[in-house]
Amino acid sequence: MDAELVRERAEARARIRQSRRHTAVSALGPLTALAGLIWALIQPYRITLLDPDGHSLWYLVVQPPLLVILAGAIFHFWVVPGLLADLEEVEGRSKE
Amino acid sequence: MTPPPEVVHWMFAVGFLFLGLCLLAEALVGREVWRRRSWRAYLWPGVAFLMGILMWPVMVFFTSSAIHMLAHGVWAQAMMVAGAAQLALVRGKLQNQLWNLTVPFAFAVSGAAFLIHEQNSWLFSRAAFLHHALGWTALVGAAITLGLFARPRSPVFNAGFAVVFLAFAALLFCDRNVAPIFGHLSPLAGAK
């Protein structure tokens, strides 16, 4: 009886830890994009598209806050789905 | 038509940011899960090698003195050696794990290159401050990657490795061609 309780508690702890990993990985991209958005709001002059006539080509192409949002979005939509699928597969296998 | 230096730094910053996010995800899920898809296993070594290659045009088009040029040249070679060794280890062409020491070596060379070629003091300008900060961050990165070599599965060293790249990205995004740092800007740096 005691052994069964210990095993169930260990499995519950493992599930919580695994779901935390899942949540943490899922949050990385949105948090990065949010950081870029906050940066854009704090320093709107870094968004050169708001004043396109006053800037040269390179400054219109490379706008740091927008690039931060883009990096977060690419990570979230390109890297994370496959990674979470692999994580769930490994976690599901370890539960069996 | 060459981009201004600050724009080049921002472009490198995006690369470091993306790489840092990927390495942080790897630290969270573990190497076994991360390497279940081969392209992910090749991502960090490939980017390290690519950064080394891209450092050559930086050396050619953006260096204004001999020490500046030598620093970037040495830096490019160290990054390419580390990237190539990591690629060969992932591919299985190299078996000896001692090749992993090329990563702390590349970090140490990068840190030294930053610190040696920046001739001005910390508060000379924002660019000078960032060179010093990046140099010391790279040396911390060398210590972390040495720890990672000793304990490859340590979550602390794996997360630390990712955080070094995120710190690089944040510092590079702060760069401007001519800007003060904490209210200091030398007249010699181009202050008006």
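A brief structural summary. Just so we're clear, the structure is a prediction, and the values are computed from it rather than from any experiment.

## Brief notes about the packing of helix α3 (residues 38–62) of chain B against helix α4 (residues 66–91) of chain B
Residues and elements named next belong to chain B.
Logical step 1: Look at α3 against α4: their axes get within 8 Å of each other, and the N-to-C directions meet at 160 degrees. One way to sum up the angle between α3 and α4 is to call them roughly antiparallel. Considering how the two elements wind past one another, α3 and α4 form a crossing that is left-handed.

## Here's the deal with the packing of helix α1 (residues 5–29) of chain B against α3 of chain B
Residues and elements named next belong to chain B.
Logical step 1: Between α1 and α3, the shortest axis-to-axis distance is 11 Å and the interhelical angle comes to 170 degrees. When the axes of α1 and α3 are compared, the pair comes out roughly antiparallel. For the pair α1 and α3, the contacting residues are Pro5, Val8, Gly15, Leu19, Cys22 and Leu23 in the first and Leu43, Trp44, Val47, Met51, Val58 and Phe62 in the second.

## Structural notes on the environment of Gly15 of chain B
All names here are of chain B.
Logical step 1: The topology assignment puts Gly15 in helix α1.
Logical step 2: Residue classification places Gly15 among the partly exposed positions, given that 18 C-beta atoms sit within 10 Å.
Logical step 3: When the C-alpha positions of Gly15 and Leu166 are compared, they lie 9.9 Å apart, and in sequence the two are 151 residues distant.

Conventions we followed
Residues numbered from 1 in each chain as written. Chains lettered and ligands numbered in written order. Predicted model: local features only at pLDDT ≥ 70, side-chain atom pairs only at ≥ 80, totals over all residues. Axes fitted to C-alpha atoms, helices over the stretch in contact; angles between N-to-C directions. Helix = DSSP H or I, 4+ residues; strand = E, 2+ residues; numbered from the N terminus. Parallel < 35°, antiparallel > 145°, perpendicular 65-115°, else oblique. Left-handed = near helix turned anticlockwise from the far one by under 90°. Contact = placed C-beta atoms within 7 Å. Buried ≥ 20, exposed ≤ 12 C-beta atoms within 10 Å, placed from the backbone.

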